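Fold and geometry: a report
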Amino acid sequence: MTPDDFDRLVRTRRSVRGYLPDPVDPGVIEAALQTALWAPSNCNVQPWRIELVSGARLRALGQAMIAHAQSGKAHPDVPMDTAYRGIFRDRQVGSARALYGAMGIARDDMPGRTAAFLRNLDAFGAPHAAFVFLPAGFGTREAADLGGFVQTFLLALTAQGLGSVAQGALSLYPDVLREELGLERGDQLMVGIAFGHEDPAHPANAARTDREGLEGMVRHHG
């Protein structure tokens, strides 16, 4: 792979929010996971665990999460209460405008925005979702390593010609996931990754976001 090939792979990856129902070949999924397992981590402790949910089981889980969202509050293992300010808030708003604009949902269309949010909890109709857990006893440093695994998996899926999206929303109701899959408490659910074959006709997939330039991110010393 040339530097240009890698640059193209990274820039090709984007958040896909509409999928065809066709399942992905199990061998392709395993290949992407095998690649992602080579992500670096501090002292090679590899602080991640994955629960892979597919097909009808994923649809049932999605409906359970939606029902819970409509009747109760979210209780994520790791609080999602950061208030974005300044340039970070600007980027958040820009992303929302791109997404809702692509779907034709006005800012004051609260029913439309609610329906769009609830699609998150059904993994946007993807045939597969990987739920990534941080093992019990680990904290922020290990979570950073887990993020490296997530990025590597996303790129591996892109290399396989698949669409994907990392979703904080899929971590909002970890107890629902535990109940549906018969999991014990302990490990922290950090993120879910929906993936499958992109539906090119879904309007959400027309959304595009930009990135900050180097001058806004990097300071050189020496």
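Above this note sits the structure.
Throughout what follows, the structure given in this document is the object of discussion. (Residues numbered from 1 in each chain as written. Predicted model: local features only at pLDDT ≥ 70, side-chain atom pairs only at ≥ 80, totals over all residues. Heavy atoms only, no water.)

1. What about unusual backbone geometry?
The phi dihedral of Ala123 falls on the positive side, at around 55°, and the residue is not glycine. With respect to the secondary-structure elements, Ala123 resides in the loop between helix 5 (110–121) and strand 2 (128–134). For Ala123, a relative accessible area of 0% gives the class buried. The backbone of Phe124 sits at a positive phi, close to 55°, despite the residue not being glycine. In this structure, Phe124 sits in the loop between helix 5 and strand 2. (Helix = DSSP H or I, 4+ residues; strand = E, 2+ residues; numbered from the N terminus. Buried < 20%, exposed > 50% of the residue type's maximum accessible area, 1.4 Å probe, protein only.)

2. Quick notes on the layout of surface pockets
Roughly 2,200 Å³ of internal volume is contained in the largest pocket. The wall of the largest pocket is formed by 50 residues, among which Arg17, Arg91, Gln92, Ser95 and Ala96 lie closest to the centre. Secondary-structure elements contributing two or more residues to the lining of the largest pocket are helix 1 (3–12), helix 4 (87–102), helix 5 and strand 3 (163–167). It is helix 4 that contributes the most residues to the lining of the largest pocket, 14 residues altogether. Roughly 180 Å³ of internal volume is contained in the second largest pocket. Along its surface, the second largest pocket is lined by Pro76, Val78, Pro79, Met80, Gln167, Gly168, Ser171, Leu189, Met190 and Val191. Residue contributions to the lining of the second largest pocket peak at 3 residues, all from strand 4 (residues 188–196). Of the residues contributing to the lining of the second largest pocket, the split by class is 7 nonpolar, 3 polar and no charged. (1 Å grid on protein atoms, 1.4 Å probe; cavity = no way out; pocket = protein on both sides within 12 Å on 5 of 7 lines; lining within 4 Å. Points joined across faces, edges and corners; volume = space filled by probe spheres on them. Nonpolar A, V, L, I, M, F, W, Y, C, P; charged D, E, K, R; others polar.)

3. Points about the sheet that holds strand 4
Strand order in the open sheet formed by 4 strands is 1-2-4-3, and the pairing between neighbours is antiparallel. With partners counted over all chains shown, the strands left at the sheet margins are strand 1 (49–54) and strand 3, one partner each. Neighbour-to-neighbour, the strand axes of this sheet turn through a mean angle of 20°, independent of strand direction. Alignment of strand 1 against strand 2, held across 6 bridges, turns out to be antiparallel. Pairing of Ile50 across the sheet is with Val132, part of strand 2. Contacts from helix 3 (residues 55–71) reach strand 1 and strand 2, with the element oriented near 100° to strand 1. (Pairing = 2+ DSSP bridges. Axes fitted to C-alpha atoms, helices over the stretch in contact; angles between N-to-C directions. Contact = heavy atoms within 4.5 Å.)

4. So, the pattern of salt bridges
All chains considered together, the criterion is met by 10 salt bridges. One salt-bridge network, held together by shared partners, links Asp77, Asp175, Arg178 and Arg185. (Salt bridge = Lys/Arg side-chain N within 4 Å of Asp/Glu carboxyl O.)

5. Observations concerning the packing of helix 2 (residues 26–36) against helix 6 (residues 140–159)
Relative orientation of the contacting elements helix 2 and helix 6 amounts to 140°, with a least axis distance of 8 Å. The angle between the axes of helix 2 and helix 6 places the two elements in the oblique class. Judged by the sense of rotation from one axis to the other, the crossing of helix 2 with helix 6 is right-handed. Counted together, Ala32, Leu33, Thr35 and Ala36 of helix 2 and Phe149, Thr152, Phe153, Ala156 and Leu157 of helix 6 form the full contact between these two elements. Residue composition of the contact of helix 2 with helix 6, by class: 7 nonpolar, 2 polar and no charged. (Parallel < 35°, antiparallel > 145°, perpendicular 65-115°, else oblique. Left-handed = near helix turned anticlockwise from the far one by under 90°.)

6. Considerations on the packing of aromatic side chains
This model, assessed by the stated rule, comprises 3 aromatic pairs. Pairing Trp48 with Phe149 gives two aromatic rings, centres 5.0 Å apart and planes at 20°, and the pair type is stacked. Linking Trp48 in the loop between helix 2 and strand 1 with Phe149 in helix 6, this pair joins segments that are 101 residues apart in sequence. Both residues of the pair, Trp48 and Phe149, belong to the buried class. Considering the side-chain rings of Phe153 and Phe195, the 5.7 Å spacing of their centres and the 80° angle between planes classify their relative orientation as edge-to-face. Residue Phe153 is located in helix 6, and its partner Phe195 is located in strand 4; the two are separated by 42 residues in the primary sequence. Pair check on accessibility: Phe153 and Phe195 agree, each one buried. Here the guanidinium or amino end of Arg49 rests over the ring plane of Phe133, the centre of that ring lying 4.5 Å away. (Phe/Tyr/Trp six-rings, centres within 6.5 Å; stacked < 30°, edge-to-face > 60°. Lys NZ or Arg CZ within 6 Å of the ring centre and 35° of its normal.)

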